[in-house]
Amino acid sequence: MEGPIEFDVLGYVEPNKQVEVCKLLEKNSDKSRFSVRKEVLSSVKENKLVSIAVGLGWNEVQSLVQNTPIGFISLKIVESTYWVSKEMSYCDSHSLYFSSSKNCPVCTKWYVNTNSDKQKVKVL
Ligand SMILES: [Zn+2]
């Protein structure tokens, strides 16, 4: 059986905060400076989501959402390894996108609560 669900957090980049966002993403991911810049630029130009943090527990998601990192707007919480799309299910109570073959992992209590080892984003 599949283990408890972890979460990723995605967001849109504020157009005038690209430099701050690039710095944060470079610090918090293994991606190269070039691919981070490309991603941030296309987020701004094409209104695309970028990944802010991956493999978080629900507690870490809450603190990230309550202290949105500088330069990001309208954060989205999604079941880890998935991406926000029309095919995903959405739970209103938890503002969470999850795979449509399941029920909301938080409602059904099948999720990781704290995953501090894996926490990638230090809240600024
Ligand atoms: Zn729910």
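It should be emphasised that the depicted structure is a prediction, and the values quoted were computed from it without experimental measurement.

### Points about unusual backbone geometry
Stage number 1. Backbone geometry at Ser74 places phi at a positive 35 degrees, although glycine is not the residue there.
Stage number 2. Mapping Ser74 onto the fold places it in strand β3 (residues 72-79).
Stage number 3. Residue Lys109 is not a glycine yet carries a positive backbone phi of 60 degrees.
Stage number 4. Residue position: Lys109 is located in the segment after β5 (96-98).

### Details of the confidence of the model for the chain
Stage number 1. Overall, the predicted model of the chain reaches an average pLDDT of 89, with 92% of residues at or above 70.
Stage number 2. In the predicted structure, residues 118-124 sits below a pLDDT of 50 and forms 18 contacts with residues beyond four places in sequence or in another chain.

### A closer look at the pairing of β3
Stage number 1. The sheet contact formed by strand β1 (residues 7-13) and β3 spans 6 bridges and is antiparallel. Note on β3: the bridge partner recorded for Tyr12 is Ile73.

### Examining the nonpolar core
Stage number 1. Counting 26 residues, the largest nonpolar core has Phe7, Val9, Val61 and Ile77 as the members making the most contacts within it.
Stage number 2. Only β1, α1 (18-28), α2 (33-46), β2 (50-56), α3 (58-66), β3 and β5 provide two or more residues apiece to this core.
Stage number 3. Those residues within four positions of Val61 in sequence are excluded, and the remaining contacts are Phe7, Val9, Leu56 and Ile77.

### Regarding the sheet that holds strand β4 (residues 89-91)
Stage number 1. Spatial strand order, β2-β1-β3-β5-β4: 5 strands in an open sheet with mixed pairing. Edge strands, defined here as strands with exactly one partner in the open sheet, are β2 and β4. This sheet shows a mean twist of 30 degrees between the axes of neighbouring strands, independent of strand direction.
Stage number 2. With 3 bridges connecting them, β4 and β5 associate as antiparallel partners. When the bridges of β5 are listed, Tyr90 appears paired with Tyr97.

### Considering the environment of Gln18
Stage number 1. Among the secondary structure elements, Gln18 is positioned in helix α1.
Stage number 2. Considered as a pair, Gln18 and Ile70 are 52 residues apart in the sequence and their alpha carbons are 9.9 Å apart.

### Regarding α3
Spacing of three or four residues puts side chains on the same side of an α-helix, whose turn is 3.6 residues.
Stage number 1. Here α3 has its buried residues at Trp58, Glu60, Val61 and Leu64. All buried residues of α3 project into a common sector of 155 degrees when viewed along the axis, lining one side. Away from the buried face of α3 by more than 90 degrees, exposed residues Ser63 and Gln66 are located.
Stage number 2. Buried residues belonging to α3 abut β1, β2 and β3.

The rules behind the values
Every residue gets a number counted from 1 within its own chain, in the order that chain's sequence is written. This being a predicted model, a pLDDT of at least 70 is required before a residue's local features are given, and a value of 80 or more before pairs of side-chain atoms are given or counted; all residues contribute to the totals for chains, interfaces and linings. Only runs of H or I of at least four residues qualify as helices and only runs of E of at least two qualify as strands under DSSP, and these elements are numbered from the N terminus. Along the chain, pLDDT gives the predictor's confidence residue by residue, from 0 to 100. C-beta atoms are first placed from the backbone for all residues, and any pair lying within 7 Å is then listed as a contact. By definition, two strands form a pair when at least two bridges between them are found by DSSP. One nonpolar core equals one set of buried Ala, Val, Leu, Ile, Met, Phe, Trp, Tyr and Cys residues connected by C-beta atoms within 7 Å. Using C-beta atoms placed from the backbone, we call a residue buried if 20 or more other C-beta atoms fall within 10 Å of its own, exposed if 12 or fewer do, and partly exposed for counts in between. All axes here are fitted lines through C-alpha atoms, helices being fitted over the stretch that makes contact, and every angle between N-to-C directions spans 0 to 180 degrees. It is the directions from the helix axis to the C-beta atoms whose arc is reported.

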